[in-house]
Amino acid sequence: MDRTLFATGAILGLLAVAAGAFSAHALGGRISQERIEWFQLGARYQMYHAFAIIVAAWAVTRWPGAMPAAAGWVFLAGIVVFSGSLYAMALGAPRWLGAITPIGGTAFLVGWALLAWSALGYR
C-alpha cells in the first residue's frame with residue numbers, strides 16, 4: 001500500500017509539473033488570463049496534494065490503522081475533482097462545472113484531518 005501511494009504521489013507530482021509548463025508555454029495567448037489562472041491553480045493544488053499523498057504513504061509505514069492510507073486516497077479524489085474541474089473549465093468546459101470544485105476542496109480538508117487523526121494515534 002505504501003509503495004502504491006508513494007508512486008501515485010510521484011506520478012501526480014510529475015503531471016503537476018507538466019500541467020504547469022503547459023499552462024505557461026502552450027496556453028498563453030490561446031485562452032483568457034482568467035482561464036490560465038484556473039489551470040495554474042489546479043496545477044498548484046495538484047502538486048501540494050501529490051506531496052500530501054507521499055506523506056500519507058510514509059505515514060502508512062509509521063502509524064498503524066487504516067487512516068493514513070485513507071488520507072492518501074481522499075487526497076487523490078480531491079485532486080481528481082478539484083484540479084480536474086479547474087482544468088476542464090480552463091479548457092472550455094461549462095462554468096457550472098465549478099459547482100463541484102468545492103467538493104474536491106472538501107476532500108482535501110478531510111484528507112488532512114485523517115492524517116492529523118492518524119498522527120494523534122487514533123485509528
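Residues numbered from 1 in each chain as written. Predicted model: local features only at pLDDT ≥ 70, side-chain atom pairs only at ≥ 80, totals over all residues. Heavy atoms only, no water.

Engineer: Even after reading the chapter, I still don't get a nonpolar patch on the surface, so can you show me in this structure?
Structural biologist: Taken together, the side chains of Ile-11, Leu-14 and Leu-15 make up a nonpolar region of the molecular surface, amounting to roughly 300 Å² of accessible area. Residue position: Leu-15 is located in helix 1 (residues 2–25). You can call Leu-15 partly exposed: its relative accessible area is 42%. (Patch = residues over 30% accessible without salt bridge, like charges linked within 9 Å, V, L, I, M, F, W, Y side chains within 5 Å. Areas by Shrake-Rupley, 256 points an atom, 1.4 Å probe, with all protein chains shown as cover. Salt bridge = Lys/Arg side-chain N within 4 Å of Asp/Glu carboxyl O. Helix = DSSP H or I, 4+ residues; strand = E, 2+ residues; numbered from the N terminus. Buried < 20%, exposed > 50% of the residue type's maximum accessible area, 1.4 Å probe, protein only.)

Engineer: What's the story with the packing of helix 2 (residues 33–62) against helix 3 (residues 67–90) in this structure? I'm lost.
Structural biologist: Describing two packed helices takes the angle between their axes plus the distance from one axis to the other. Interaxial distance between helix 2 and helix 3 falls to 9 Å at its minimum, and their mutual angle equals 170°. Considering the angle they form, helix 2 stands roughly antiparallel to helix 3. Classifying every residue of the contact of helix 2 with helix 3 by side-chain character gives 21 nonpolar, five polar and one charged. (Axes fitted to C-alpha atoms, helices over the stretch in contact; angles between N-to-C directions. Parallel < 35°, antiparallel > 145°, perpendicular 65-115°, else oblique. Nonpolar A, V, L, I, M, F, W, Y, C, P; charged D, E, K, R; others polar.)

Engineer: Can you walk me through helix 4 (residues 101–119) in this structure?
Structural biologist: Think of an α-helix as 3.6 residues a turn; residues three or four steps apart then line up on the same face. The terminal C-alpha atoms of helix 4, which comprises 19 residues, lie 28 Å apart, in line with the 27 Å expected from a rise of 1.5 Å per residue. Looking only at helix 4, the buried set comprises Thr-101, Gly-104, Gly-105, Ala-107, Phe-108, Gly-111, Leu-114, Leu-115 and Ser-118. Tucked inside the fold, the buried residues of helix 4 contact helix 2 and helix 3. Two residues or fewer past helix 4, Gly-121 is found with a positive phi of approximately 95°. (Expected span 1.5 Å × (residues − 1). Contact = heavy atoms within 4.5 Å.)

Engineer: Can you help me understand the side chain of Ser-23 in this one?
Structural biologist: As for its position among the elements, Ser-23 is in helix 1. You can call Ser-23 buried: its relative accessible area is 3%. In terms of polar contacts, Ser-23 uses its side chain to reach the backbone carbonyl oxygen of Gly-20, at 2.8 Å. Beyond its immediate chain neighbours, meaning those up to four positions away, Ser-23 contacts Gly-28, Ile-36, Phe-39 and Gln-40. (Polar contact = N/O pair within 3.5 Å; in protein donor to acceptor, adjacent residues only side chain to side chain.)

Engineer: Looking at this structure, I do not really get the pattern of salt bridges. What am I missing?
Structural biologist: Across all of its chains, the model carries one salt bridge by this definition. Between Glu-34 and Arg-95 there is a salt bridge; the shortest N-O distance is 3.9 Å. On the criterion of sequence distance, the pair formed by Glu-34 in helix 2 and Arg-95 in the loop between helix 3 and helix 4 is long-range, its members being 61 residues apart.

Engineer: What is the right way to look at the nonpolar core in this model?
Structural biologist: Looking at soluble globular proteins, one finds that nonpolar side chains tend to be buried together. One finds Phe-39, Ile-53, Phe-75 and Leu-115 to be the most contacted residues of the largest nonpolar core, which totals 28 residues. Among the secondary structure elements, those contributing two or more residues to this core are helix 1, helix 2, helix 3 and helix 4. Setting aside residues up to four positions removed in sequence, Phe-39 forms contacts with Ala-19, Phe-22, Ser-23, Leu-27, Tyr-87, Ala-90 and Leu-91. (Core = buried A, V, L, I, M, F, W, Y, C linked by side-chain atoms within 4.5 Å.)

Engineer: Is there a simple way to think about the packing of helix 1 against helix 3 in this case?
Structural biologist: Helix 3 packs onto helix 1 with a crossing angle of 20° between their chain directions and a minimal axis gap of 11 Å. Taken together, helix 1 and helix 3 sit at an angle that is classed as roughly parallel. Where helix 1 crosses over helix 3, the two elements pack in a sense that is left-handed. Along the contact surface, helix 1 presents Thr-4, Leu-5, Thr-8, Leu-12 and Ala-19, while helix 3 presents Ala-69, Gly-72, Trp-73, Leu-76, Ile-79 and Tyr-87. Grouping the amino acids of the contact of helix 1 with helix 3 by side-chain chemistry returns eight nonpolar, three polar and no charged. (Left-handed = near helix turned anticlockwise from the far one by under 90°.)

Engineer: What should I look at first to understand helix 3 in this one?
Structural biologist: Helix length check: helix 3 (24 residues) gives 34 Å between terminal C-alpha atoms against 34 Å at 1.5 Å per residue, within 8%. Remark: the principal bend of helix 3, roughly 25°, maps to Gly-84. Downstream of helix 3 by a residue or two, Gly-92 has a phi angle that is positive, lying close to 115°. (Bend = angle between axes of the 7 residues up to and from the residue.)

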